[in-house]
Amino acid sequence: MADPIAMYGDFTPREAGKAWKQLEKRAVPMMVTERFAQTRPMQKNQTKVMIFRRVEKIDPATTPLMEGVSPEGSKPTYTDIQAVIQQYGDFIPFTDQLEDFNTDNIISEFGDVLSEQIQETIEVLNIAVLKSGTTVYYAGNVANRGLVADFTTVGQFKKVERFLRDQKAKLYTKILAGSPRYGTTPVPASFVALCDTDLKADFEALPGWKSVETYAEPAQRLHEYEIGSVGSVRVIASPMFDAWPDAGAAAATKIGTTNPAAACDVYPIIVLGMDAWATIPMRNGSTGHPVMVSTKPSKSDPIGQRGSIGWKIYHCAVILNDNFMARIEVAAVLNPA
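Here's what I pulled together on the structure shown here. On a predicted model such as this, the values are computed, not experimentally measured, just so you know.

## Some details on the side chain of Glu161
Thought 1: Within the secondary structure, Glu161 sits in helix H4 (residues 154-166).
Thought 2: A relative accessible area of 14% means that Glu161 is categorised as buried.

## Re the packing of aromatic side chains
Thought 1: Taken as a whole and assessed by the stated rule, the structure comprises four aromatic pairs.
Thought 2: Considering the side-chain rings of Phe203 and Trp209, the 5.3 Å spacing of their centres and the 35 degrees angle between planes classify their relative orientation as tilted. Taken individually, Phe203 and Trp209 each receive the classification buried, so the pair is uniform in this respect.
Thought 3: One aromatic cluster is present, formed by Phe151, Phe157, Phe203 and Trp209 through successive ring pairs.
Thought 4: Looking at Arg145, its charged tip hangs above the ring of Trp244, at a distance of 3.7 Å from the centre.

## Some details on the sheet that holds strand E1 (residues 38-39)
Thought 1: Here we have three strands laid out as an open sheet, ordered E1-E12-E15, and mixed in their pairing. Looking at strand neighbours, the two that pair on one side only are E1 and strand E15 (317-319), the edges of this open sheet.
Thought 2: In this structure, strand E12 (residues 277-279) lies alongside E15, joined through three bridges in antiparallel fashion. The partner of Thr279 across the bridge, within E15, is Ala317.

Quick notes on the rules
Residues numbered from 1 in each chain as written. Predicted model: local features only at pLDDT ≥ 70, side-chain atom pairs only at ≥ 80, totals over all residues. Heavy atoms only, no water. Helix = DSSP H or I, 4+ residues; strand = E, 2+ residues; numbered from the N terminus. Buried < 20%, exposed > 50% of the residue type's maximum accessible area, 1.4 Å probe, protein only. Phe/Tyr/Trp six-rings, centres within 6.5 Å; stacked < 30°, edge-to-face > 60°. Lys NZ or Arg CZ within 6 Å of the ring centre and 35° of its normal. Pairing = 2+ DSSP bridges.

This is the structure we're talking about:
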């Protein structure tokens, strides 16, 4: 018979809630992607399939009204997008000696490592979804990823912005606050571009680039990782947006994993309008909790030598409208000037 394990391991529900809040407090401010997603907090006792419903736009009412006659009215149409919620988690094992010599600090010492792991896990999952969008522009206006050997241009950014505006994608005017609560923060109206920090030097070389240090009100930056803006697009750079290694054309002056002279790496720049995608955010403990097993005797550990501390979380991310987002695929300069 397996050892019985309570829902919260050896935590009481109160202790588990407190520990999860500490993990959220460390992880949430570091996270980039979910700040710019439509959110749907997960409720208990629901199916694992989450439905995101999009209300389609209604055609303009161009027929003049007749006096005293009501119009026919418009019936809205809906598009449902299904997302299957998955569970993720990990743990750190420890021995009774570590617990004996470091009893009061185990959670504190492992908390930073676990919160960073949670943050990176969610970011990797979100970025994989964002990189799967179908609207793609290739730097240099080439035909496919295998021919990419340049960085993007201001003109290409304007093309992307024009595409989003033509699709009636909305500018961001608020984003999720950088705290475990489900609050939002007002921000200057703009589209948002998410990219890897390797591209910072290339952005700084663009004509008309506006660095975040030159903003009239630095406190109005969208995120602490914001690096600047191109026109109406604010750029957020995170080291999590990995390139496709050796996926581009030969470019000796660009970054390449194996040999840039044979093939450079290709980086994604994800440009977003509001409501392009959605996620279940890790906030207020609605999607996860910590699990701790103390070093006490059990059937599988007769003299109580082993314990562990870990986490479990539910998560899903899904694209809601491909027309509200676009991806620019670029190469990054190897030796910045």
